[in-house]
Amino acid sequence: MKKFNRFCYRVLPVALCAALLGGCGASAVSSSVVESADSASTENVSSAVSTDSAPLKVMASFYPMYDFAQKIGGDKVSVTNMVPAGTEPHDWEPSTTDITNLEDADVFIYSGAGMEQWVDSVLGSLTNQDLDVVQASDGITLREGYEDEDGDVGADPHVWLAPANAKIEMKNIADVLCNADPANAEYYRQNYEQWALECDRLDTEFTETLSALPNKDIVVPHEAFGYLCDAYGLNQVGIEGIEADSEPDPARMAKIEDFVKANNVKVIFSEELISPKVAQTIADATGAQMQELNPLEGLTDDQIADGQDYFTVMRQNLEELKNALQ
């Protein structure tokens, strides 16, 4: 029986998964990767997988974990996004139904680094001793995010907004799926390799596009873009802090307005899941335009119905940054 680890499930060595590798078959990946990946790699997915077992029941803490799990797990998993579409996840907490679903799940995936503040208490209350748990941010170098009222410095949890970090999170997800379902290990590995290539392509697109732009300062609704800015030489000024529920005082508003004017910032960014009122006030006071930058903390029902995902939204973000900084 697999042992339950409250914080991060340590998967079996890679050698175990490697021993499971077999023949070739069809891959469960989206059209965006099929179009951009080499044709040889998209065809080279194992058919040495179990076809009789029911899909793994996977619970994902919020949208990026849900999207990554679907991409790696394909048709071998049934993934539930715990945070409803269109809901800002920073202050969300699981309901009784969510906890019941965790008791019945095979795998639980969360990002960690302080994003899901409810995780420790919820996992400690479960009786499901067979639940495989992975903290997807394990292995990522965290940046300092904020100082709380006790003077303790917390981490910035928005790791997924740098494609290189998204790649690490996908690897950790692939590992836990491989461990939970060894019969389909090669399938998960092959899917991970294809999406890892897409992360590399996305990273290259960001690097080449942003490095050529003359301006580097962005004003954002809350400080969600630190990892992205660190990766590509940008500087974020957050209207609000790490969490999206804080409110800037008049002195903070005046400071941001002065920054915008002094640095010729042309665009104030807003987010879909939080009110644009404060961002609009700053834009009106400074003559800047207001555009939307998505921290991918959750998609709306319309975005999901439109087939958007991590990669399409990140490329939209790149286009918005290009327009704002050129």
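As a reminder, the structure under discussion sits directly above these lines.
Described in the following lines is the structure provided in the data block.

Rules and cut-offs
- Residues numbered from 1 in each chain as written.
- Predicted model: local features only at pLDDT ≥ 70, side-chain atom pairs only at ≥ 80, totals over all residues.
- Heavy atoms only, no water.
- Core = buried A, V, L, I, M, F, W, Y, C linked by side-chain atoms within 4.5 Å.
- Buried < 20%, exposed > 50% of the residue type's maximum accessible area, 1.4 Å probe, protein only.
- Helix = DSSP H or I, 4+ residues; strand = E, 2+ residues; numbered from the N terminus.
- Contact = heavy atoms within 4.5 Å.
- Salt bridge = Lys/Arg side-chain N within 4 Å of Asp/Glu carboxyl O.
- Pairing = 2+ DSSP bridges.
- Axes fitted to C-alpha atoms, helices over the stretch in contact; angles between N-to-C directions.
- Patch = residues over 30% accessible without salt bridge, like charges linked within 9 Å, V, L, I, M, F, W, Y side chains within 5 Å.
- Areas by Shrake-Rupley, 256 points an atom, 1.4 Å probe, with all protein chains shown as cover.
- Lys, Arg positive; Asp, Glu negative; His and termini not counted.
- Charge placed at Lys NZ, Arg CZ, Asp CG, Glu CD.
- 1 Å grid on protein atoms, 1.4 Å probe; cavity = no way out; pocket = protein on both sides within 12 Å on 5 of 7 lines; lining within 4 Å.
- Points joined across faces, edges and corners; volume = space filled by probe spheres on them.
- Nonpolar A, V, L, I, M, F, W, Y, C, P; charged D, E, K, R; others polar.

1. A closer look at the nonpolar core
(1) Moving on: Within the largest apolar cluster, 75 residues are counted, with the highest numbers of intra-cluster contacts made by Phe108 and Leu177.
(2) Moving on: Among the elements that line this core, the one with the most residues is helix H8 (residues 185–211), at nine residues.
(3) Moving on: Dropping the residues within four chain positions of it, Leu177 is found in contact with Leu56, Val58, Ala69, Ile72, Gly73, Val77, Val107 and Tyr188.
(4) Moving on: In this structure, Val237, Ile239, Val265 and Val278 belong to the second largest nonpolar core, which totals 13 residues.

2. Quick word on the pattern of salt bridges
(1) Moving on: The full count for this structure, using the stated rule, is twelve salt bridges.
(2) Moving on: Of the charged contacts in the structure, one is a salt bridge between Lys76 and Asp75, with a shortest N-O distance of 3.8 Å.
(3) Moving on: When its relative accessible area of 53% is taken as the criterion, Asp75 is described as exposed.
(4) Moving on: One network of salt bridges, in which partners are shared, links Glu198, Arg201, Glu205 and Arg315.

3. Describing the sheet that holds strand S3 (residues 107–110)
(1) Moving on: If you walk across this open sheet you meet the four strands as S2-S1-S3-S4, and the pairing is parallel. The open sheet has two edge strands with one neighbour each: strand S2 (77–81) and strand S4 (132–135). Recorded for the sheet is a direction-independent mean angle of 20° between the axes of neighbouring strands.
(2) Moving on: Judged from the three bridges that link them, strand S1 (residues 56–60) and S3 form a sheet pairing that is parallel. Paired with Val58 across the strands is Val107, a residue of S3.

4. Here we look at the pairing of strand S10 (residues 289–292)
(1) Moving on: Inspection of the sheet shows strand S9 (residues 267–270) paired to S10 by four bridges, in the parallel sense. Residue pairing across strands places Phe269 opposite Gln291, the latter belonging to S10.

5. Section: the side chain of Thr300
(1) Moving on: By secondary structure assignment, the location of Thr300 is in the loop between S10 and helix H12 (301–305).
(2) Moving on: Residue Thr300 is classed as buried on the basis of its relative accessible area, which comes to 14%.
(3) Moving on: With sequence-adjacent residues up to four places away left out, Thr300 is seen in contact with Ala85, Gly86, Glu272 and Leu273.

6. Remarks on a negative patch on the surface
(1) Moving on: Together, Glu272, Glu292, Asp301, Asp302 and Asp306 make up a negatively charged patch on the protein surface.
(2) Moving on: Inspection of the secondary structure assignment puts Asp301 in helix H12.
(3) Moving on: Look at Asp301 and you get exposed, because its relative accessible area is 56%.

7. Topic: the environment of Trp92
(1) Moving on: Following the sequence through the fold, Trp92 ends up in the loop between S2 and helix H5 (96–103).
(2) Moving on: Spatially, the C-alpha atoms of Trp92 and Glu116 are 8.3 Å apart, while their sequence positions differ by 24 residues.
(3) Moving on: Not counting residues up to four positions away in its chain, the partners in contact with Trp92 are Met82, Val83, Pro84, Thr87, Asp98 and Trp118.

8. Concerning empty space enclosed by the protein
(1) Moving on: Under the defined criterion, the tally for this structure stands at four cavities of 30 Å³ or more.
(2) Moving on: By volume, the largest cavity is sized at about 70 Å³.
(3) Moving on: Each residue belonging to the lining of the largest cavity can be placed in one class, and the counts come to two nonpolar, three polar and four charged.

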